[in-house]
Amino acid sequence: MLPQIPLDDPRVLALAKARQQFAHDCSHLPTWEELTEDEQADGLPDARNYLEAAINAGFVIVAPAGG
């Protein structure tokens, strides 16, 4: 199944930022703020896919729309 979550979903940005902070803390890679706009944009599809996978695996519970 193709990802259904749009790249501009705020959860995607939050996950991308958290993943980059983890990489920074563990490997001294740049923080999210230190990445270029292109590098930030490149990280969003992976974050969206990780979020979609976590939802599909049941690790993330999604509230019904409107609730």
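Here we summarise the structure given alongside this text.

Calculation rules
- Residues numbered from 1 in each chain as written.
- Predicted model: local features only at pLDDT ≥ 70, side-chain atom pairs only at ≥ 80, totals over all residues.
- Heavy atoms only, no water.
- Helix = DSSP H or I, 4+ residues; strand = E, 2+ residues; numbered from the N terminus.
- Buried < 20%, exposed > 50% of the residue type's maximum accessible area, 1.4 Å probe, protein only.
- Contact = heavy atoms within 4.5 Å.
- Areas by Shrake-Rupley, 256 points an atom, 1.4 Å probe, with all protein chains shown as cover.
- Lys, Arg positive; Asp, Glu negative; His and termini not counted.
- Charge placed at Lys NZ, Arg CZ, Asp CG, Glu CD.
- Core = buried A, V, L, I, M, F, W, Y, C linked by side-chain atoms within 4.5 Å.
- Patch = residues over 30% accessible without salt bridge, like charges linked within 9 Å, V, L, I, M, F, W, Y side chains within 5 Å.
- Salt bridge = Lys/Arg side-chain N within 4 Å of Asp/Glu carboxyl O.

### Regarding the overall build of the chain
Okay, so step 1: In terms of regular secondary structure, the chain is built from 2 helices and 0 strands.
Okay, so step 2: For the chain, the spread of C-alpha atoms along the three principal axes comes to 35 × 25 × 20 Å.
Okay, so step 3: Every one of the 67 residues in the chain was classed for burial, and the buried ones make up 24%.
Okay, so step 4: The contacts of the chain with a sequence gap of at least 6 include a subset with a gap of at least 24, amounting to 57%.
Okay, so step 5: Just so you have it, the chain exposes about 5000 Å², and 59% of that area is on carbon and sulfur atoms.
Okay, so step 6: Computed over 4 positive and 11 negative side-chain charges, the separation of the two mean positions in the chain equals 7 Å.

### Let's talk about the nonpolar core
Okay, so step 1: Ile5, Val12, Ala16, Trp32, Leu35, Leu44, Ala47 and Leu51 form the largest nonpolar core, which has 8 residues in total.
Okay, so step 2: Among the secondary structure elements, those contributing two or more residues to this core are α1 (10-27) and α2 (37-56).
Okay, so step 3: Of all the elements, α2 adds the most residues to this core, at 3 residues.
Okay, so step 4: If we ignore the near neighbours within four places in the chain, the residues touching leucine 51 are Ile5, Arg11, Val12 and Leu15.

### Focus: a nonpolar patch on the surface
Okay, so step 1: Residues Phe59, Val60 and Val62 make up a contiguous nonpolar surface patch of roughly 300 Å² in combined accessible area.
Okay, so step 2: Its location among the elements puts phenylalanine 59 in the segment after α2.
Okay, so step 3: According to the relative accessible area criterion, phenylalanine 59 is exposed, its value standing at 71%.

Geometry only, nothing functional implied.
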